[in-house]
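# Topology and contacts: notes
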Amino acid sequence: MSAPFEERSGVVPCGTPWGRWYQTLEEVFIEVRVPPGTRAKDVRCSLRSRHISLAVGGQELLQGKLFDSTVTDEGTWTLEDRQLIRIVLMKTNRDAGNCWTSLLENEYAADPWVQDQMQRKLTLERFQRENPGFDFSGAEISGNYSKGGPDFSSLEK
């Protein structure tokens, strides 16, 4: 079985003071570095449709209104190797035009180059879904790919 598109094509991360975040068509991933030896009982994480808060050892690391809505029941967090918290949020709007420009409404925005790369990747991921027999993971895209790129769904097959 082949790897999912995002694993073959790599991720386009947006660096932050606490770690990084990146996205696919369906999900937003947040990776937060925490002090080595952190235990799950030290972590307080609240994931709601439009809000996130994360505290470790009583210290607030991340809190605010998310850029867009998520499916509350499908958000998860894990503590890996007692030094990294990985949060996975499921986007409510899962089309290629829904490229988050920042993690929170007014914080952790992707710089213009990273934003451009994120949008290109989501557009290629959309093409991959629409054409499962082709491998777009190493493809380059140019032209108008903002808001998910061109729509070929009306073309005859």
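Residues numbered from 1 in each chain as written. Predicted model: local features only at pLDDT ≥ 70, side-chain atom pairs only at ≥ 80, totals over all residues. Heavy atoms only, no water.

### A word on the overall build of the protein
The condition is simple: Under the DSSP-based scheme used, a helix requires at least four consecutive residues in state H or I and a strand at least two consecutive residues in state E, with every element numbered from the N terminus. Residue exposure (1.4 Å probe, protein chains only): buried if accessible area is under 20% of the type maximum, exposed if over 50%, otherwise partly exposed. Any two residues whose heavy atoms approach within 4.5 Å at even a single point are treated as in contact.
Across its full length, the protein holds two helices and 10 strands. Ordered by position from N to C terminus, the α and β elements of the protein give α-β-β-β-β-β-β-β-β-β-β-α. Looking at the protein residue by residue over its 157 residues, the buried ones come to 41%. Considering only contacts in the protein between residues 6 or more positions apart, those separated by 24 or more positions represent 56%.

### A look at the pairing of strand 5 (residues 51-56)
To keep it simple, the criterion reads: In this analysis, strands are considered paired if DSSP registers two or more bridges between them.
Of all six residues in strand 5, five are buried; the element is thus mostly enclosed. Bridge count for strand 4 (residues 43-47) against strand 5 is five bridges, and the pairing is antiparallel. What sits directly across from cysteine 45, in strand 5, is leucine 54. Sheet topology places strand 5 next to strand 6 (residues 59-65); six bridges connect them, and they run antiparallel.

### Structural notes on the nonpolar core
The cut-off we apply is this: Working definition of a nonpolar core: buried Ala, Val, Leu, Ile, Met, Phe, Trp, Tyr and Cys residues. They are joined through side-chain atoms within 4.5 Å.
Ranked by size, the top nonpolar core spans 27 residues in total, and within it Ile30 and Leu103 carry the most contacts. Of all the secondary-structure elements, those providing two or more residues to this core are strand 3 (27-33), strand 4, strand 5, strand 8 (84-90), strand 9 (102-104) and helix 2 (112-130). Residues within four places of isoleucine 30 in sequence aside, it is in contact with Trp18, Arg20, Trp21, Ile52, Leu62, Ile85, Arg86, Ile87, Leu89 and Leu103.

### Quick word on the packing of aromatic side chains
Cut-off, in case you're wondering: Stacked, tilted and edge-to-face pairs are distinguished by plane angle, under 30 degrees for stacked and over 60 for edge-to-face with tilted covering the rest, among Phe, Tyr and Trp rings (Trp via its six-membered ring) whose centres lie within 6.5 Å.
Going through the model one piece at a time under the given rule, you end up with three aromatic pairs. Between tyrosine 22 and phenylalanine 29 the ring centres are 5.0 Å apart and the planes differ by 15 degrees, which places this aromatic pair in the stacked class. With relative accessibility at 9%, the residue tyrosine 22 sits in the buried group. Note on phenylalanine 67 and tryptophan 100: the rings are 6.0 Å apart at their centroids and 45 degrees apart in plane angle, and the pair reads as tilted.

### Concerning the side chain of asparagine 98
For the record, the criterion: Each polar contact in these results corresponds to two N or O atoms within 3.5 Å; when the atoms are within protein, one needs to be able to donate a hydrogen and the other to accept it, and residues that are neighboring in sequence are counted only if both atoms are side-chain atoms.
Locating asparagine 98 in the fold gives a position in the loop between strand 8 and strand 9. A polar atom in the side chain of asparagine 98 sits 2.7 Å from the backbone oxygen of asparagine 93. In this view, asparagine 98 contacts Gln23, Asp68, Lys91, Asn93 and Leu122; residues no more than four positions away in its chain are not counted.

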